[in-house]
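Now for the letters of each chain:
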Amino acid sequence: MKQKITSSNAFYTFLSIIIGFVVGAVLLLIIGISPAEAYAKLFSGVFSKLRYVLYDIVYATPLIFTGLSVAFSFKTGVFNIGAEGQFVVGSLAACLVGIFVDLPAILHVPLCLLAAAAAGMLWSAMVGFLKVKRGINEVLSYIMFNWLAFYLSNYVVNIPAVHKEGGGEATKNVLDSARLRAPQFLRSICSDTNWGFLLAIACAVLVWFIIKKTTLGYQLRAVGHSRTAAEYGGISSNRIFIISMSISGALAGLGGAAQLLGPGARISQFAGQEGFGFQGITVALIASSHPVGCIFSGLFYGAMKYGGSKLTTIGVPNEVVNIIMGTIIFFIAISHVFRHILHKRKEAAA
Amino acid sequence: MSHLDPNTVVIRMTDIVKKFGDFTANDHINLTLHQGEVHAILGENGAGKSTLMNVLYGMYPPTSGTIEVNGKTVVIDHPQKAIDLGIGMVHQHFMLVQPFTVTENIVLGMEPMKGLSVNLKEARQKILALSERYNLKVDPDARIEDISVGMQQRVEILKVLYRGANILILDEPSASLTPQEITELMEIIKHLTADGKSVLLITHKLKEIKMAADNCTIIRRGKYIDTVHVGEKTEDDLAGMMVGREVSFSVEKQKQETGDTVLQVKDLHTSDYRGVEVLKGLSLHVKQGEIVGLAGVDGNGQSELVGILTGLHKASAGEVVLNGEAVTNLSPGALFEKGISNIPEDRQKHGLVLPFTVAENLILQNFSKTPFSKGGVLQNAAIRANATEQIEDFDIRPAGCEDRPAGTLSGGNQQKVIIAREVTNDKDLLIAFNPTRGLDVGAIEFVHKYLVQQRNKMRAILLVSFELDEIMSLSDRIDVIFDGKIVGEVKGEDADEYKLGLMMAGGAA
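Asker: Would you explain the overall build of chain A in this entry?
Answerer: When its secondary structure is counted, chain A shows 14 helices and 0 strands. Its helices and strands taken in sequence order, chain A reads α-α-α-α-α-α-α-α-α-α-α-α-α-α from the N to the C terminus. In terms of overall size, chain A behaves like a compact globule, its C-alpha atoms giving a radius of gyration of 21 Å where 350 residues would be expected to give roughly 20 Å. Dimensions of chain A, computed from C-alpha atoms along their principal axes, come out at roughly 70 × 55 × 35 Å. In chain A, which comprises 350 residues, the proportion classed as buried is 49%. Counting contacts in chain A only where the partners sit at least 6 residues apart, residues at least 24 apart contribute 78% of the total.

Pasting the structure below:
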């Protein structure tokens, strides 16, 4: 039974991906570009060199974190649309610790990560408290907190002590001891290669373990599936909401740190939201909120982002990638509706 | 009105097959309805009764088979067509607009127009005439929100008659009625048939079939079993045909001495979610080794009382004492630890996390205790072993359903999962709220057996039920709740259905 449901999940996802590419092809045809040529370019841009593959991974790493963050919140029935803001404050916390604290790498990196996780956690937990204590819908406050994080980051970037000396709209670089950079032989192939990806995998496995194997996970899932039944069973759903949103925020915050300590090194002044958190929603949806699935859907999205960036070289607007991703999400969403209808019909028959 | 002739066939359904995918809900079912006949359709939940009626009413097209109405073969592909053919359906859940008057509800969807305004005068006259003719005693000017459930049902019947129905389908019509209202309903059915109307009565209540029906068609797991003359069969015969084996109705219960007082509720007050006071100083007690039945019509404060006893609702005044200790307004988890377990009213909303597996549901209150978890990590072997044991002990079907989502089980088996969990929890006080609602005879027998078994183990049981038969057959003592207070108490063996019914309706004992 269980096997059947998960396999059909994968089936619908796969189908949606194909449809996404078909819709993308139609749009390319309309604007007079050969889909075959564009997709060939996309494909070769993703896979044809080791360097490209390493870049795919670099692009995927922050998305796996935010994907995990959103997926984790989904398990408790909360929609963490605030991963964007938690990512930003995580990045900011890691940046400040990376600049101002001088420690050996073995301590400095964990401290930066810890600061980032704590910042993301705090950012999300505040929304949790508003939800639990004041009944404010988390989607509203998450979106507001995204903007708070955005302007907070821009403010901090421009504090003289933080700001890079001699021009540039960015902070100083974090100290080398705080960086997550991969060994030289990998960086000689792709200079942005970093340990963040392994950290993301570790987090995915940890999240899977928490959800599936611990009593905390049991409570998270119980509240997510049926708040009333969970309460009846003696689980305090308010407590679980706070815990779930905190962990979700910590994961997004870690993503911000991984991006900063890996390829970033500094925070630039934002002109607009970067979208790592929002893209995490897509990653979680494609993975059906499965933590290990987030690794693969994160890699998929990362590869599409990286490969898509090369489309401009043959005159294809790289927005086509966003259209494809959007279509995929659209059809994944519709597949749930379809399944729901099928399910209802079967129930009606029973 | 046509001349009454009991030999006239008004409906003949032949070899009706209805499949949903691989599932056959109706497997070659035959049904013949004569003019002036009350024909009961008897079957367990999920036997295919509703599917058959929905086929007749044009909700689903049949996979194969034919339907004849008044001797002509017809295709009924839409409810409007059924209505045009004189078939009317009274649904189990009433479909009435609460702030509208009876007349407004009845004409809804076919308002008589006079220019641009609705001409209710004429409709009102017609409704009055119909009401008198069938002795329905409905006030056409009353608002739905002000009238009783029994009256609301009569409005539904009027609605169908107003649309010219000669064939009435009544789907579980007695589900929310008091005994008096049920008797009245049976009288109304007699008036209808005397006037040449035919009635299809869907039910799993044998008593009502004996009271009202001429013939009875029995369906079991989608298959046609038999059509019998009700007069020639006993209730036990019918039950046996419905479930396919012998069923015992009487609950075996030895007299026994009660022990210490386990639950004491004193002068409890509370309001519902709208802020209306629904408990107005309710007091009761339950001792070890007794089943106390709380009889009453839905909506007199039972939900809030059980809510307070299980921590899901807060009392505004009064006290709850368990084993001598005040436990008023504790959390659900704390009340469970103090010794209260509960078979909840709504098994899908409160009793089970439907997407969770059976094994996971069986540890809903105990997931953090040994042996089910160690150091915060779930112990799957122990959780599964517990499930295997209880699935076997409590005959939860299908066998080997440990890893199936609870939502995929039938209603009766979902209830068995809850019973298994709560009985195994083995707390001092067990509260059972409508524990057999919507269950078929076999499952009811099972639930009753375990309630009595817990009583015999000297546990205290509070049975809250809207089924008076259930209260009367199980309780050692019966309290009647009306308007948020206990209005009377009788011993189980002295219980009289009519006296209880009067008290439940707020009359003097």
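Picking up where we left off.
Asker: I tried to follow the pairing of strand E1 (residues 9-20) of chain B on my own but got confused; where do I start?
Answerer: Two faces belong to every sheet, and in a regular strand the side chains alternate between them. Residues and elements named next belong to chain B. Note: E1 against strand E2 (residues 23-34), 8 bridges, orientation antiparallel. The residue bridging phenylalanine 20 from the neighbouring strand is phenylalanine 23, located in E2. The hairpin turn running from E1 into E2, its antiparallel successor, is 2 residues long, and glycine 21 in that turn takes a positive phi close to 60°. For E1 and strand E4 (residues 64-69), the ladder comprises 5 bridges, and the chain directions are antiparallel.

Asker: Please explain the confidence of the model for chain A as it appears in this structure.
Answerer: Should pLDDT be low for a region, the predicted coordinates there are not to be read in detail. Of all residues in chain A, 93% have pLDDT values of 70 or greater, and the mean over the chain is 90. Taking the mean pLDDT of every element in chain A, the minimum, 74, falls on helix H14 (residues 319-349) of chain A and the maximum, 97, on helix H4 (residues 83-100) of chain A.

Asker: What is the right way to read the sheet that holds strand E13 (residues 261-271) of chain B from this model?
Answerer: The 4 strands are arranged E14-E13-E16-E17 (chain B) in an open sheet whose pairing can be described as antiparallel. Pairing within the sheet leaves two strands with one partner each, and these edge strands are strand E14 (277-287) and strand E17 (325-326) of chain B.

Asker: Help me out: how do you make sense of helix H8 (residues 235-243) of chain B in this one?
Answerer: An α-helix turns once every 3.6 residues. As a result, residues three or four positions apart point the same way. Residue and element names in this part refer to chain B. Among the residues of H8, those classed as buried are Leu238, Ala239 and Met242. All buried residues of H8 project into a common sector of 100° when viewed along the axis, lining one side. Positive phi appears at glycine 244, one or two residues downstream of H8, with a value of about 85°.

Asker: Teacher, can you tell me more about the packing of helix H8 (residues 196-213) of chain A against helix H11 (residues 237-264) of chain A here?
Answerer: The relative placement of two packed helices comes down to the angle between their axes together with the axis-to-axis distance. Residue and element names in this part refer to chain A. Interhelical geometry of H8 versus H11 gives an angle of 165° and a closest axis separation of 10 Å. By the angle class used here, H8 and H11 are roughly antiparallel. The element H8 and its partner H11 pack so that their crossing is right-handed. Contacts from Gly196, Leu199, Ala200 and Cys203 in H8 reach Leu251, Leu254, Ala258 and Gly262 in H11. Class assignment of the residues belonging to the contact of H8 with H11 gives a composition of 6 nonpolar, 2 polar and no charged.

Asker: Can you help me understand unusual backbone geometry in this one?
Answerer: Both trends apply: most residues other than glycine have a negative phi, and most peptide bonds are in trans. Residue and element names in this part refer to chain B. A cis amide bond links threonine 370 to the next residue, proline 371, at an omega of 5°. Tracing the sequence through the fold places proline 371 in the loop between helix H12 (358-361) and strand E19 (373-374). The omega torsion across arginine 397 and proline 398 is 0°, close enough to zero to call that bond cis. Despite not being glycine, aspartate 15 shows a phi value in the positive range, around 50°. Here aspartate 15 is to be found in strand E1. With 14 C-beta atoms counted inside 10 Å, the residue aspartate 15 sits in the partly exposed group. Phi at aspartate 395 is positive, roughly 55°, even though this residue is not glycine. The topology assignment puts aspartate 395 in the loop between helix H13 (380-393) and helix H14 (411-425). Look at aspartate 395 and you get exposed, because 12 C-beta atoms sit within 10 Å.

Asker: Mind showing me how you'd approach the domain arrangement of chain B here?
Answerer: Many analyses report the size of an interface as the accessible area lost when the parts associate. Residues and elements named next belong to chain B. With domains assigned, chain B is organised as domain 1 (9-243), domain 2 (253-339 + 428-509) and domain 3 (350-426). The centre of domain 2, based on its C-alpha atoms, is set 26 Å off from the matching centre of domain 3. Contact with domain 2, which involves 10 residues of that partner, is made by 8 residues of domain 3. No other element matches the 5 residues that helix H15 (residues 441-456) contributes to the side of domain 2 that touches domain 3. Taken together, the residues of the side of domain 2 that touches domain 3 sort by class into 7 nonpolar, 2 polar and 1 charged.

Asker: Got a minute to help me understand the nonpolar core in this structure?
Answerer: Soluble globular proteins tend to pack their nonpolar side chains together in the buried interior. In terms of nonpolar packing, the biggest core is built from 237 residues, with Ala94(A) and Leu463(B) touching the most fellow members. In contact with Ala94(A), not counting residues within four places along its chain, are Cys112(A), Leu113(A), Ala115(A), Ala116(A), Gly256(A), Ala257(A), Leu260(A) and Leu261(A).

Asker: How do you make sense of the interface of chain B and chain A when you look at a structure like this?
Answerer: Counting from both sides, the interface comprises 29 residues of chain B and, opposite them, 21 residues of chain A. Broken down by secondary-structure element, the contributors of at least two residues to the side of chain B that touches chain A are E2, helix H10 (332-338), helix H11 (347-351) and strand E20 (377-378) of chain B. The residue inventory of the side of chain B that touches chain A, partitioned by class, reads 16 nonpolar, 10 polar and 3 charged.

About the cut-offs
- Residues numbered from 1 in each chain as written.
- Chains lettered and ligands numbered in written order.
- Predicted model: local features only at pLDDT ≥ 70, side-chain atom pairs only at ≥ 80, totals over all residues.
- Helix = DSSP H or I, 4+ residues; strand = E, 2+ residues; numbered from the N terminus.
- Rg over C-alpha atoms; globule rule 2.2 N^0.38 Å.
- Buried ≥ 20, exposed ≤ 12 C-beta atoms within 10 Å, placed from the backbone.
- Contact = placed C-beta atoms within 7 Å.
- Pairing = 2+ DSSP bridges.
- pLDDT = per-residue confidence, 0-100.
- Arc of directions from axis to C-beta.
- Axes fitted to C-alpha atoms, helices over the stretch in contact; angles between N-to-C directions.
- Parallel < 35°, antiparallel > 145°, perpendicular 65-115°, else oblique.
- Left-handed = near helix turned anticlockwise from the far one by under 90°.
- Nonpolar A, V, L, I, M, F, W, Y, C, P; charged D, E, K, R; others polar.
- Domains from an automatic or database assignment.
- Core = buried A, V, L, I, M, F, W, Y, C linked by C-beta atoms within 7 Å.

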